[in-house]
Amino acid sequence: MQALRVFSVVPKLPPRLEALWDLAYNLWFSWNNDITNIFATIDHDLWTACDQNPVELLNRLSQRRIEELARDDFFLQRLADAKRSLEHYKDRRHSPFRFPALPDRDMAVAYFSLEYGIAMCLPIYSGGLGVLAGDHLKSASDLNLPLVGVGLLYREGYFRQYMTPDGWQQERYPGHDFEQMPLKPVLDDIGNQLRICVGLAGQSLCARVWEAQVGKVRLFLLDTNLSENSHEFRQVTARLYGGGLEMRLWQEILLGIGGIKALTAMGIEPMVIHMNEGHSAFAGLERIRVYMQEHGLSFEAATELTASSSVFTTHTPVPAGNDRFPPELMRAYFEDYAGKLGLAFKVFMALGREDPRDEGEHFCMTVLALRLSRFSNGVSRLHGEVSRRMWRKVWPQNPVEDVPIGSITNGIHAATWVARDMAILYDRYLGNWREDPDCKRIWEQADSIPDAELWRTHERLRERLVDFVRKRLRKQLMDKGARQKEVLVADEVLDPQALTIGFARRFATYKRANLLLMDKERLVRLLNDSGRRVQFIFAGKAHPNDNEGKKIIQELQQLCRRDDCRASMVFLEDYDVKIASRMVQGCDVWLNNPRRPLEACGTSGMKAMINGVLQVSTLDGWWDEAFQPDNRLGWAIGRGEEYEDASYQDFVESQTLFNILENDILPEFYDRGRGNLPRNWLLKMKSALRELGPVFNAHRMVEEYVEHAYLPSCRNYVSLVKDDFRAAKELADWRMRLMTRWGNLAIDDIRTETHADVFVEEPILIEARVHLDGLSVSDVRVEVYHGPVSQDSVFTRRSTTPMSPEKDLGDGWHLYRGEVLPQESGRFGFTLRILPHHPLLLDAHALGLIRWANV
Ligand SMILES: *Cc1c(COP(=O)(O)O)cnc(C)c1O
C-alpha cells in the first residue's frame, strides 16, 4: 500500500459564522432547543442525514449555503444570541453546592463509565446505563459540579440494528470518523495528542485521549486505534460490549487503570472517584498503586484512602450483568500487578471474591468495587434492597439490613427529554423548570396549565410521532427492497387520534417485550375493536449474542405484518436516543413490564412522565416507589408479587395487563367531555407532573450524590491526605488494631431490670459488661439490636439503640447501659452487638466487623 499523508480539509467559515464552531463543539446543544434549531435550519436534510452531528454538518456545508448564511441577518442575529447564551451558561458559576472541603483546587469528582449516551451524534452507549451517565454529566454541568467524566471512544460504537425480511435481527457496525465529531484531541506539552499506555501481560496497550465538552463538564475518552498497537489491541475500543471475556477485561483495564493514568497525565487529581457500574473498578486498584509507589503508603493506608474517597453505583440484579473473570485469566494480567501492590496473588484475588477463601471463585468486578468504596448504592429503593440481599456474602457478619449498600434513585435530565412544544408550555406556566427541575413549587404549577392547551400540545406530539413512525417505516421498507405498493402501506399505519402505547428498551429477556403476545387472540381483538382504537409502537435491540431476545423481536415483527395488526402495531428498527425521544414525547401510555425485581430502576418511563405520558408498569424499579394505589399517577400491573414459576407469572401478568387496558385505560382515554377533552386523563397527567416531576430527575439524583456521597468523601479525602497522609496511615493502623483484637471482644452478664411482662412504651433498662481487649470505648459503638420477633424468634423488624459506657471495670472490661422502648404489644426481642467506630468511617458497617452477644 502507498504511504499517504492525510489532511482533514474543513470549510472555512467567514468570521461572522465562526461562532458556529463553538456551538458545534459543545454538546450543550443536545439540551438546548435554540441551538439545535439553528443547526436544523442551516440544512434540515443534511442535519438528519448526518445524525444530528453539528461538526459533520458544518464540514459538509456547501460554499453556496455558507455564503447565504453569512448574508442572512436574521440568522446572524440568532447565532449571536445563541453564542451569548452559551457564554453566559459557561460563566454562570453560582451553584447550589459549595465544596467547602476544597481549598486550593476545583476538581472534585471523576466519574467513570464504560458508556455514555449524550447525543445521537456520539454513539458510545447501548442503553439505559449510558444514557443515565450522559444525564448525570448534564446535570453536573448545570449544577456547576466540579466533575469530569472518563470513558472509552468506540470507533464502531454499539451495533446498528436492521432486519432480514423474516424479522431476524442483524447487526452492522459503521465506523466513525472522530475528526468529524464534536471531539477534540487532548494535547500534551509539545502539542501532540496525549497518549497513555497500560501494561497487558507484558505488552503495552496505548490509547490517545479525546475530549468532549458536555456543557461545563469535560468528558475524556480513550481510543486505542493507534499504529503502535497490535491489531488486537486496536480493537479494544472498536465496539461497546463487542468482544469476548478477554476483550472485556482489556477494556476494563483500559477504562480503570488507563483512565486514572490519563487524568494524572493531564494534571487532574480528583478527590473522589465515582464508579458507574463495576466495569471501572480497576481504577481503585490503580489509585492504591499510585499512593503506594508515589507517596510511600502501605497497601493498607492506600486502600483506606482510596475506599474512603470512592463511590460505587451498582446497576443490575441480573447475574450476567456483573462481570466475572476466571482465575487463570486474571493471573495472566494481574500477577505482576498484585506484586506491585505487595500482595500474594491469592490475596489479590480475594478482593474480587464474595468468599475470599474460595479459590475456585471467579474475580467479580462488582465485589472489587464494593470492597474498594465506602459508599455503595443501588439505583432505586427496591434495587437497594435487592442488592443488599444479592451481595450479603461480601459482609458475612452483617444482617441483610446492615449490608452497606444504600440507594439513590436514578433520574433523567429534564431539559434533554422534554419535547420542544411541551417545553414552551412549561416555560409559560411552570417557571424555571430547566434550572430547578427538582423544585416542588415549580411542578405544582402544572395544575395551572389550561386543559385544552396541555391536551392540544400532547396531541400535536402524538401526531408528530405518527408522522415520524411512517417516515421511518417507509425507509425501513425501502431499504429492504420492498415494492412501491408495499411502501405506500407505511403511509397508512397508525392513527394520529388513537390511544398510542409505547414500548422501547433493550430486549433483555427479563423486560418481557412479548408479554402482550402471551394472548395473541386477545391482543388482536383489542386492536380491532373499532369503537376504541388503540395502537402499539415497539422498538429495541437485543444483544448480538442473545438469541432469545432476537426471537422475541422476530415474533413481534411477524405480528406487526399480519393484516389484522399491520395498521396498529409497528416495530421501529435501530432503537437509539432519537427514537427514544420521539416515543417518550408522543405516546399516551408508556408500557413497562419487567419481571420484578430484575429492573434495577428503568428510566425511559421517567422520560415519558416528564412529557405527560402515563405509565402502566409492573411494580419494579422506580415505579415501585412512584406508583400510588389510587391510580392517580398511572397504573400498576399486579401488586409487586414475585413468582417461582416464570411462565405462570407471565400468564397472570399478561391477563392483568389486558384487563387494565380494556377496563381502565381505554375507557378513560376515550371518556371525552366538552371540547373533546379527556378530563380524567388530563388530571392524571397533571398529578404525575406535579408529584413525580420534581423527584425523578437527574438534578435531584446528582444533588443526592453530592450530599450523601461526594461531599462526605471529599471531606474524608482532605482529612486523610493532610500532613503527608497522616490520618490515612492512622486509619489503617486503627483498622489493623481492630482486626487483630476483634476476635477477643465479648459481651457478658447482660441484665435487664424487668423480668415479668413489660408494657408498651415502657422503657426496658439494659446493662452489660463489654470486653474491649484494650480497645478504647471511642473505637467502638455498642448497641441494642431490638424489635418485634416472630414465633420462631426471628426479628420481623429491627431497630438499634446506642448504649453508653458507664464505667471502666479494669482488665479491658467496661460497663455499658442503655434503654429501649417496645413500640407495640406482642413478642419483643433484643440482643447486643459491638460495631467499629471512627470519625472518618462513613458507614460503621462497611468494614464488616460485628461482634454479637451470646444471649
Ligand atoms: C432511556 C433509554 C434507555 C433506558 O430505558 P429503560 O426503560 O431503563 O430500559 C435505553 N435506551 C435508550 C436509547 C434510552 O434513551
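Data block above holds the structure.
Note that the structure is predicted; figures quoted are calculated from it, not measured.

A. Inspection of the packing of aromatic side chains at higher detail. As enumerated under the stated definition, the model contains 36 aromatic pairs in all. Seen from their ring centres, F345 and F348 are 6.1 Å apart, and the 20° between their planes marks the pair as stacked. Remark: F348 and F345 occur in helix α13 (residues 345-350); sequence separation between them is three residues, near one turn of the helix. Comparing F345 with F348 shows no difference in burial state: the two are buried. Aromatic side chains W623 and F627 sit 5.9 Å apart centroid to centroid with 55° between the ring planes, which places their arrangement in the tilted category. The residues W623 and F627 share a single accessibility class, namely buried. The rings of F282, F334, Y337, F345, F348 and F363 are connected pair by pair, giving a single aromatic cluster.

B. Spatial organisation of the site of the ligand. In the vicinity of the ligand lie 14 residues, with K511, G602, T603, S604 and K607 positioned nearest. Note that an oxygen atom of the ligand is positioned 2.8 Å from one of the backbone N or O atoms of T603. Between the ligand and K607 there is a distance of 2.6 Å, counted from an oxygen atom to a side-chain nitrogen or oxygen. With the chains in place, 97% of the 390 Å² that the ligand exposes on its own is no longer accessible. For the shell around the ligand, the elements supplying multiple residues, two or more each, are α7 (128-142), α23 (577-586) and α24 (604-609).

C. Representation of the side chain of S280 in the model. Note that S280 resides in the loop between β9 (272-276) and α10 (282-295). Leave out the neighbours within four places in its chain, and S280 touches F112, L255, G256 and M275.

D. Region of the structure containing the sheet that holds strand β26 (residues 813-820). Across the sheet, which stays open at both edges, the four strands sit in the order β21-β22-β26-β25 with antiparallel pairing between neighbours. Because the sheet does not close on itself, it has two edges, and the strands there are β21 (746-752) and β25 (804-810). Across the sheet, the mean angle separating the axes of adjacent strands is 25° when strand polarity is ignored. Judged from the five bridges that link them, β21 and strand β22 (residues 764-771) form a sheet pairing that is antiparallel. Residue pairing across strands places I747 opposite V770, the latter belonging to β22.

E. Representation of the packing of helix α2 (residues 33-42) against helix α6 (residues 73-91). Packing of α2 against α6 leaves a shortest axis separation of 10 Å and a crossing angle of 150°. It follows from the interaxial angle that α2 and α6 lie roughly antiparallel. Here α2 and α6 pass one another in a crossing that is left-handed. Across from D34, I35, N37, I38, T41 and I42 in α2, the residues of α6 making contact are F75, R78, L79 and A82. Partitioned by chemical class, the residues of the contact of α2 with α6 number six nonpolar, two polar and two charged.

Thresholds applied
- Residues numbered from 1 in each chain as written.
- Predicted model: local features only at pLDDT ≥ 70, side-chain atom pairs only at ≥ 80, totals over all residues.
- Heavy atoms only, no water.
- Phe/Tyr/Trp six-rings, centres within 6.5 Å; stacked < 30°, edge-to-face > 60°.
- Helix = DSSP H or I, 4+ residues; strand = E, 2+ residues; numbered from the N terminus.
- Buried < 20%, exposed > 50% of the residue type's maximum accessible area, 1.4 Å probe, protein only.
- Near = heavy atom within 4 Å.
- Polar contact = N/O pair within 3.5 Å; in protein donor to acceptor, adjacent residues only side chain to side chain.
- Areas by Shrake-Rupley, 256 points an atom, 1.4 Å probe, with all protein chains shown as cover.
- Contact = heavy atoms within 4.5 Å.
- Pairing = 2+ DSSP bridges.
- Axes fitted to C-alpha atoms, helices over the stretch in contact; angles between N-to-C directions.
- Parallel < 35°, antiparallel > 145°, perpendicular 65-115°, else oblique.
- Left-handed = near helix turned anticlockwise from the far one by under 90°.
- Nonpolar A, V, L, I, M, F, W, Y, C, P; charged D, E, K, R; others polar.

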